[in-house]
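Residues per chain are reported as follows:
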Amino acid sequence: GDQVEQSPSALSLHEGTDSALRCNFTTTMRSVQWFRQNSRGSLISLFYLASGTKENGRLKSAFDSKERRYSTLHIRDAQLEDSGTYFCAAGRGFASALTFGSGTKVIVLP
Amino acid sequence: NAGVIQTPRHKVTGKGQEATLWCEPISGHSAVFWYRQTIVQGLEFLTYFRNQAPIDDSGMPKERFSAQMPNQSHSTLKIQSTQPQDSAVYLCASSSDWGGSYEQYFGPGTRLTVL
């Protein structure tokens, strides 16, 4: 089946630094969505992209518009509240079921 | 906007018992999705409805699992004869499908524990 390969699986970074997460798709995907799962287990949507880039505060995401085979999430000036597990998920159609990556556990250190 | 509502938040059943999980999507959303999350398998798609019609149940185990959406305000996931391997967090999501965005919004999940 469709696979979403997410890297790295874990990431520690100090406050104020930048980092990037990546998801590769084994097949062409139409859309990608990024989530952060907090300590209570809630999945919070960060971005939905069908193409291009989106930015929200210190977070920015991009979706490869040509081949639609990967997406990235950049964290700029990391803060303690950015800690959590980040998931990417991709859909074969714009309104279809999502296939999730295995997650990146991010720890921001003071 | 209360977001996606899932009840109960926690459910414990004995092996062989039935479990029914409820989901209330965001008002006005036309699509409802069910997923489950385990440590071993991660997040897996189960099934989804659009305008109350079943669209894709390719992730549903063929036996014991069923899902329904009798009206636009709620969906249920029923597991018959629960087994320990059914223990997971079951997540419901909804999306609106208009404005060009099909962003899925997730509920808090129901943690099912089968003893």
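On a predicted model such as this, the values are computed, not experimentally measured, just so you know. (Residues numbered from 1 in each chain as written. Chains lettered and ligands numbered in written order. Predicted model: local features only at pLDDT ≥ 70, side-chain atom pairs only at ≥ 80, totals over all residues. Heavy atoms only, no water.)

Draft legend 1. Quick look at the interface of chain B and chain A. Taken together, the 16 residues of chain B in the interface contact 14 residues of chain A. Buried surface at the junction of chain B and chain A, summed over both partners, amounts to about 1,300 Å²; 59% is from carbon and sulfur atoms. Three residues, Leu 43, Tyr 102 and Phe 106 of chain B, lead the burial of chain B against chain A; their summed loss comes to 38% of the area buried on that side. Applying the counting criterion to the chain B and chain A interface returns zero salt bridges. At the surface where chain B touches chain A, the tally comes to five residue pairs in polar contact (both at pLDDT 80 or more). Broken down by secondary-structure element, the contributors of at least two residues to the side of chain B that touches chain A are strand S4 (31–38) and strand S5 (42–50) of chain B. The element contributing the most residues to the side of chain B that touches chain A is S5 of chain B, with four residues. Looking at the side of chain B that touches chain A residue by residue, the class counts come to nine nonpolar, four polar and three charged. (Contact = heavy atoms within 4.5 Å. Buried area = accessible area lost by both parts, 1.4 Å probe. Salt bridge = Lys/Arg side-chain N within 4 Å of Asp/Glu carboxyl O. Polar contact = N/O pair within 3.5 Å; in protein donor to acceptor, adjacent residues only side chain to side chain. Helix = DSSP H or I, 4+ residues; strand = E, 2+ residues; numbered from the N terminus. Nonpolar A, V, L, I, M, F, W, Y, C, P; charged D, E, K, R; others polar.)

Draft legend 2. Local environment of the side chain of Gln 6 of chain A. Residue and element names in this part refer to chain A. Here Gln 6 shows up in strand S1 (residues 4–7). Here Gln 6 falls in the buried class, since its relative accessible area comes to 8%. Among the polar contacts made by the side chain of Gln 6, one reaches the main-chain carbonyl oxygen of Tyr 86 at a distance of 2.7 Å. Side-chain polar atoms of Gln 6 contact the backbone nitrogen of Gly 103, separated by 3.0 Å. Among residues more than four places away in sequence, those in contact with Gln 6 are Leu 21, Arg 22, Cys 23, Trp 34, Tyr 86, Phe 87, Cys 88, Gly 101, Ser 102, Gly 103 and Thr 104. (Buried < 20%, exposed > 50% of the residue type's maximum accessible area, 1.4 Å probe, protein only.)

Draft legend 3. Highlighting the pairing of strand S11 (residues 110–114) of chain B. Residues and elements named next belong to chain B. What you see with S11 is a clean split: Thr 110, Leu 112 and Val 114 sit on the buried side and Arg 111 and Thr 113 on the side with no burial. Strand direction decides the pairing type here: strand S9 (residues 88–95) and S11, joined by three bridges, are antiparallel. Looking at S11, one finds that Val 89 is bridged to Arg 111. (Pairing = 2+ DSSP bridges.)

Draft legend 4. Spatial organisation of unusual backbone geometry. For the bond running from Ser 7 of chain A to Pro 8 of chain A, omega is -10°, close enough to zero to count as cis. Despite not being glycine, Asn 51 of chain B shows a phi value in the positive range, around 45°. Judged by its relative accessible area of 58%, Asn 51 of chain B falls in the exposed class.

Draft legend 5. The arrangement of the nonpolar core in detail. In terms of nonpolar packing, the biggest core is built from 22 residues, with Leu 21, Phe 25, Trp 34, Leu 46, Leu 73 and Tyr 86 of chain A touching the most fellow members. By size, the runner-up hydrophobic cluster in this structure holds 19 residues, among which are Trp 34, Met 60, Leu 77 and Val 114 of chain B. (Core = buried A, V, L, I, M, F, W, Y, C linked by side-chain atoms within 4.5 Å.)

Draft legend 6. Structural context of the sheet that holds strand S8 (residues 70–75) of chain A. Residues and elements named next belong to chain A. A sheet is described by the order of its strands in space; here five strands give the open sequence S1-S3-S8-S7-S6, paired in antiparallel fashion. If you trace the sheet from one side to the other, it starts and ends with S1 and strand S6 (52–56), each paired once. Between one strand axis and the next, the sheet turns through 15° on average, direction left out of account. Of the pairings in the sheet, the one linking strand S3 (residues 19–25) to S8 comprises six bridges and is antiparallel in character. Among the inter-strand pairings, Asn 24 is bridged to a residue of S8, identified as Tyr 70. (Axes fitted to C-alpha atoms, helices over the stretch in contact; angles between N-to-C directions.)

Draft legend 7. Broad picture of the packing of aromatic side chains. One pass over the full model with this rule turns up eleven aromatic pairs over all chains. Look at Phe 25 of chain A and Phe 63 of chain A: their rings are 6.2 Å apart centre to centre, the planes differ by 70°, and that puts the pair in the edge-to-face class. Here Phe 63 of chain A lies in strand S7 (residues 59–63) and Phe 25 of chain A lies in strand S3, a separation of 38 residues in the sequence. Judged by relative accessible area, Phe 63 of chain A falls into the buried class, the value being 3%. Geometrically, the ring pair formed by Phe 100 of chain A and Phe 106 of chain B is edge-to-face, given 6.1 Å between the ring centres and 80° between the ring planes. You can see Phe 100 of chain A sitting in strand S10 (residues 98–100) and its partner Phe 106 of chain B sitting in strand S10 (residues 105–106), one on each of two chains. An identical accessibility class is assigned to Phe 100 of chain A and Phe 106 of chain B; each is buried. Following the ring pairs from residue to residue traces out a cluster consisting of Phe 35, Phe 87 and Phe 100 of chain A together with Phe 33, Tyr 35, Phe 45, Tyr 48 and Phe 106 of chain B. Positioned above the aromatic ring of Tyr 70 of chain A, the side-chain terminus of Arg 22 of chain A is 4.0 Å from the ring centre. (Phe/Tyr/Trp six-rings, centres within 6.5 Å; stacked < 30°, edge-to-face > 60°. Lys NZ or Arg CZ within 6 Å of the ring centre and 35° of its normal.)

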